[in-house]
Amino acid sequence: MIKPDAVKNGHIGAILNDIIAGGFKIVAMKYTRLSAEKAGEFYAIHKERPFFGELVDFMSSGPIVAAILEKDNAIEDFRKLIGNTDPAKADAGTIRNKYAKSIDANAIHGSDSDANAEIEGNFYFSAFERF
Ligand code: CMP
């Protein structure tokens, strides 16, 4: 998911370019916006964390790009491509290093396991929207 900061700052094209150059196939994609309720549902796993309120506010503050990606070893390779959650700690050349400013506005989200990728893919897309 390309987050509201990266969309607002004009980085959709550059980020998709990095994702494709990284060997990922786009299986589904949409430009949309989360309500606060839907953002809370997407990030329900974090609802006890102190940053949950800010996370929901930020993620519903503007449009996002949601996508399902495919690649061998996709979870691990995508996390390498996007870099550390905190852009200040993200390696040079990673998406968060290049396009993110803070741990909240960190440009992009990637699923952290195959099981969560399944849940998060189903959150945004029906079977008929995947190619
Ligand atoms: P993301 O990978 O989308 O998953 C949860 C998000 O919460 C994370 O990226 C950050 O943008 C945000 N967040 C804000 N504060 C923190 C924190 N202290 N630790 C982890 N994630 C945080």
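Residues numbered from 1 in each chain as written. Predicted model: local features only at pLDDT ≥ 70, side-chain atom pairs only at ≥ 80, totals over all residues. Heavy atoms only, no water.

Draft legend 1. Looking closely at the site of the ligand. Neighbouring the ligand are the residues Lys3, Tyr43, His46, Phe51, Leu55, Thr85, Arg96, Ile103, Asp104, Asn106 and His109. Isolated, the ligand exposes 450 Å² of accessible area, and the fraction of that covered by the protein chains is 80%. Among the residues making up the shell around the ligand, the classes are represented as four nonpolar, four polar and three charged. (Near = heavy atom within 4 Å. Areas by Shrake-Rupley, 256 points an atom, 1.4 Å probe, with all protein chains shown as cover. Nonpolar A, V, L, I, M, F, W, Y, C, P; charged D, E, K, R; others polar.)

Draft legend 2. How the structure looks around the nonpolar core. Core analysis: the largest hydrophobic core is formed by 18 residues, its most contacted members being Met1, Tyr43, Met59, Ile64, Tyr124 and Phe125. Secondary-structure elements contributing two or more residues to this core are strand 1 (25-32), helix 3 (36-42), helix 4 (52-59) and strand 2 (64-70). When residues in this core are grouped by element, the largest group, five residues, is from helix 4. Apart from the residues lying within four places of it in its own chain, the contact partners of Met1 are Leu34, Phe42, Tyr43, Met59, Ile64, Val65, Ala66, Ala107, Ile108, His109 and Tyr124. If you look at the next biggest cluster of nonpolar residues, it comprises 16 residues, including Ala6, Val7, Leu81 and Ile95. (Core = buried A, V, L, I, M, F, W, Y, C linked by side-chain atoms within 4.5 Å. Buried < 20%, exposed > 50% of the residue type's maximum accessible area, 1.4 Å probe, protein only. Helix = DSSP H or I, 4+ residues; strand = E, 2+ residues; numbered from the N terminus. Contact = heavy atoms within 4.5 Å.)

Draft legend 3. Up close: the environment of Lys71. Mapped onto the secondary structure, Lys71 falls in the loop between strand 2 and helix 5 (74-82). Residues Lys71 and Gly22 lie 49 residues apart in sequence; the distance between their C-alpha atoms is 9.4 Å. For Lys71, the contacting residues outside a window of four places in its chain are Gly22, Gly23, Phe24 and Asp77.

Draft legend 4. Up close: unusual backbone geometry. If you check the backbone angles, Asn73 has positive phi at about 55 degrees while not being a glycine. If you trace the backbone, Asn73 turns up in the loop between strand 2 and helix 5. A relative accessible area of 44% places Asn73 in the partly exposed class. We note that Ala107 has phi near 70 degrees; this positive angle belongs to a residue other than glycine. Topologically, Ala107 is positioned in the loop between helix 6 (95-99) and helix 7 (114-124).

Draft legend 5. Layout of the side chain of Thr94. Residue placement: Thr94 occurs in the loop between helix 5 and helix 6. According to the relative accessible area criterion, Thr94 is buried, its value standing at 6%. Aside from chain neighbours lying at most four places away, what touches Thr94 is Lys80, Leu81, Ile82 and Gly83.

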